[in-house]
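One-letter residues, chain by chain:
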Amino acid sequence: MASASTTPSARQNELLEAAYRYALEHGLADLSLRPLAAAIGSSPRVLMFLFGNKDGLVRALLTRARADELAFLDELTDRPASADLAAAVDQVWRWLAAPGHRPLLRLWSEAYARSLVEPDGPWSGFARATVDDWLTLLARFQPAGDSAVIDRTLALAVLRGCLLDLLATGDEARVTAAVDRHRATLRGQ
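Just so you know, these numbers come straight off a predicted model, no measurement behind them.

About the thresholds
Residues numbered from 1 in each chain as written. Predicted model: local features only at pLDDT ≥ 70, side-chain atom pairs only at ≥ 80, totals over all residues. Heavy atoms only, no water. pLDDT = per-residue confidence, 0-100. Helix = DSSP H or I, 4+ residues; strand = E, 2+ residues; numbered from the N terminus. Axes fitted to C-alpha atoms, helices over the stretch in contact; angles between N-to-C directions. Parallel < 35°, antiparallel > 145°, perpendicular 65-115°, else oblique. Contact = heavy atoms within 4.5 Å. Nonpolar A, V, L, I, M, F, W, Y, C, P; charged D, E, K, R; others polar. Core = buried A, V, L, I, M, F, W, Y, C linked by side-chain atoms within 4.5 Å. Buried < 20%, exposed > 50% of the residue type's maximum accessible area, 1.4 Å probe, protein only. Salt bridge = Lys/Arg side-chain N within 4 Å of Asp/Glu carboxyl O. Phe/Tyr/Trp six-rings, centres within 6.5 Å; stacked < 30°, edge-to-face > 60°. Lys NZ or Arg CZ within 6 Å of the ring centre and 35° of its normal.

**Student:** Before we move on, can you summarise the confidence of the model for the chain with the specific residues and values?
**Tutor:** Looking at the chain as a whole, the pLDDT averages 89, with 94% of positions reaching at least 70. No element of the chain has a lower mean pLDDT than helix 4 (residues 54-78), at 86, and none a higher one than helix 8 (residues 148-169), at 96.

Here is the structure:
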């Protein structure tokens, strides 16, 4: 049974952060409470008490991962926006391609895919929410127009596809060149 408190305890926050670091390193696909608990200095019983069950813990981990993603989006949102979708694509790609973000982005990719194939599981709605987050961000960098939503949808598809390619191959130069080519087409409009 989950804790009755709606405000997480310091211990719950501590264990969530430790579990998040573990998930960034190991992913969520084969997550098992015993090895996780041992790695973070807890027990499966404590994790069950704090998060309700494994699905509750996965939901908490996905919420935590999304918080990191939203922090980046907020960082971009705090900057003055010009109506330049190509510049936004450049900023987003530089963040996505940074080697230090790869663990988060691998976790994001895993959660995105699981959300598509297990729509009723703890991943429920993850893919849709992230698409909405990114389209909202990109809209800030566009003038209004008939094709604006199509342009930002294409930009998001290029970014997401190139991210998956980068994670799969590690070929940053080739994938960045593809993003740069798309940016050039955006500038040509």
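**Student:** So what's going on with the packing of helix 1 (residues 10-26) against helix 6 (residues 102-117)? Residues and values would help.
**Tutor:** Across the interface, helix 1 lies against helix 6 with an axial gap of 8 Å and an inter-helix angle of 80°. By the angle class used here, helix 1 and helix 6 are roughly perpendicular. Between helix 1, through Tyr-20, Ala-23 and Leu-24, and helix 6, the contact on the second element is made entirely by Pro-103, Leu-104 and Leu-107. Across the contact of helix 1 with helix 6, the residue classes tally to six nonpolar, no polar and no charged.

**Student:** Any details on the nonpolar core? Residues and values, ideally.
**Tutor:** One finds Leu-28, Leu-36, Leu-61, Trp-93 and Leu-96 to be the most contacted residues of the largest nonpolar core, which totals 59 residues. When neighbours within four sequence positions are excluded, Leu-96 is seen to be in contact with Leu-105, Trp-134, Leu-159, Leu-163 and Leu-166.

**Student:** Lay out the pattern of salt bridges with the relevant residues and their values.
**Tutor:** Summed over all chains, the structure comprises 13 salt bridges. Between Asp-171 and Arg-174 there is a salt bridge, with the nearest N and O atoms lying 3.1 Å from each other. The network of salt bridges with shared partners includes Asp-90, Arg-94, Asp-180 and Arg-183.

**Student:** Which residues make up the packing of aromatic side chains, and what are the values?
**Tutor:** Applying the stated criterion to the full structure yields three aromatic pairs. Centroid distance Phe-72 to Trp-95: 4.2 Å. Interplanar angle 15°. Geometry classified as stacked. One end of the pair, Phe-72, is in helix 4; the other, Trp-95, is in helix 5 (residues 85-97), and 23 residues separate them in sequence. Taking the relative accessible area as the measure of exposure, Trp-95 reaches 13% and is therefore buried. The interplanar angle of 35° and the centroid separation of 4.9 Å between the aromatic rings of Trp-108 and Tyr-112 together place this pair among those described as tilted. Placement of both Trp-108 and Tyr-112 in helix 6 is noted, with a separation of four residues, approximately one turn of the helix. Judged by its relative accessible area of 15%, Tyr-112 is buried. A connected cluster of aromatic rings, assembled from ring pairs, spans Phe-72, Trp-95 and Trp-134. Of note, Arg-140 hangs over the ring of Phe-141, and the distance from its end group to the ring centre comes to 5.4 Å.

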